[in-house]
Amino acid sequence: ALYSPYRDPRLLTGLTTFNPFAAIDDARDEKKVLEFVARLEHEHRIIVKHTQFSVDGNDQRECGIRIATRLYHNTEQIDRLMLALQAVSRAMAR
């Protein structure tokens, strides 16, 4: 799932937050999300952040992976990120 603050213009930013797992329970499992972040850094040397937040109409906290692509990132780096995200997500699937 891709999370977007489109309803609240105060939250617009160049950051992207998403759930890297197919199972919704995994997206709410902070330990699993933290493991994803650690594996991405250890196995692929890519540093991302984890964050927690509420989604409109849902009191349960969601966990997400936050990335920031900037003007100084090129297409090859983004492609490398996407392949690494897929590899770690598949490896951690239940």
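Residues numbered from 1 in each chain as written. Predicted model: local features only at pLDDT ≥ 70, side-chain atom pairs only at ≥ 80, totals over all residues. Heavy atoms only, no water.

J.: What is the right way to look at the overall build of the chain in this model?
T.: Broken down by element type, the chain carries 3 helices and 4 strands. Across the 94 residues in the chain, those meeting the buried criterion constitute 31%. If you take every contact in the chain between residues at least 6 apart in sequence, the share linking residues at least 24 apart comes to 55%. When the accessible area of the chain is evaluated, it comes to approximately 6700 Å², of which 51% is carbon and sulfur surface. (Helix = DSSP H or I, 4+ residues; strand = E, 2+ residues; numbered from the N terminus. Buried < 20%, exposed > 50% of the residue type's maximum accessible area, 1.4 Å probe, protein only. Contact = heavy atoms within 4.5 Å. Areas by Shrake-Rupley, 256 points an atom, 1.4 Å probe, with all protein chains shown as cover.)

J.: What exactly am I supposed to notice about the pairing of strand E3 (residues 49–54) here?
T.: Regular strands place side chains that alternate from one sheet face to the opposite one. Two elements, E3 and strand E4 (residues 61–68), share 6 bridges in a ladder whose sense is antiparallel. Looking across to E4, one finds that Ser 54 is bridged to Arg 61. Connecting E3 to the next strand, E4, in antiparallel fashion are 6 residues, including Gly 57 with a positive phi near 80°. (Pairing = 2+ DSSP bridges.)

J.: Looking at this structure, I do not really get the pattern of salt bridges. What am I missing?
T.: Oppositely charged side chains are able to pair whenever their charged atoms sit close together. Applying the stated criterion to the full structure yields 4 salt bridges. Here Lys 32 makes a salt bridge to Asp 26, at a shortest N to O gap of 3.3 Å. Judged by relative accessible area, which is 10%, Lys 32 ranks as buried. For the salt bridge of Glu 43 with Arg 39, the shortest nitrogen-to-oxygen distance reads 2.8 Å. You can see Glu 43 and its partner Arg 39 sitting in helix H2 (residues 30–44), 4 residues apart, about one turn around the helix. Given the relative accessible area of 40%, Glu 43 is considered partly exposed. A cluster of three or more residues bridged by salt bridges with shared partners is formed by Glu 35, Arg 39 and Glu 43. (Salt bridge = Lys/Arg side-chain N within 4 Å of Asp/Glu carboxyl O.)

J.: Looking at this structure, I do not really get the side chain of Glu 62. What am I missing?
T.: Within the secondary structure, Glu 62 is located in strand E4. For Glu 62, a relative accessible area of 2% corresponds to the buried category. Within polar-contact distance, the side chain of Glu 62 engages the side chain of Arg 28 at 2.9 Å. (Polar contact = N/O pair within 3.5 Å; in protein donor to acceptor, adjacent residues only side chain to side chain.)

J.: Honestly, H2 in this entry has me stumped. Any pointers?
T.: Each α-helix turn comprises 3.6 residues. Residues three or four places apart therefore point the same way. Here H2 is 15 residues long and its end C-alpha atoms lie 21 Å apart, about the 21 Å a rise of 1.5 Å per residue gives. Looking only at H2, the buried set comprises Lys 32, Val 33, Phe 36, Val 37 and Leu 40. Along the axis of H2, the buried residues cluster in a sector spanning 145°; they form a single face. Facing away from the buried side of H2, by more than 90 degrees, are the exposed residues Lys 31 and His 42. Buried-residue contacts for H2 involve helix H1 (24–27), E3, E4 and helix H3 (75–92). Sitting at the amino-terminal end of H2 is Asp 29, which places a side-chain oxygen 3.2 Å from the backbone nitrogen of Lys 31. Positive backbone phi, approximately 55°, marks Arg 45, located one or two places after H2. (Expected span 1.5 Å × (residues − 1). Arc of directions from axis to C-beta.)

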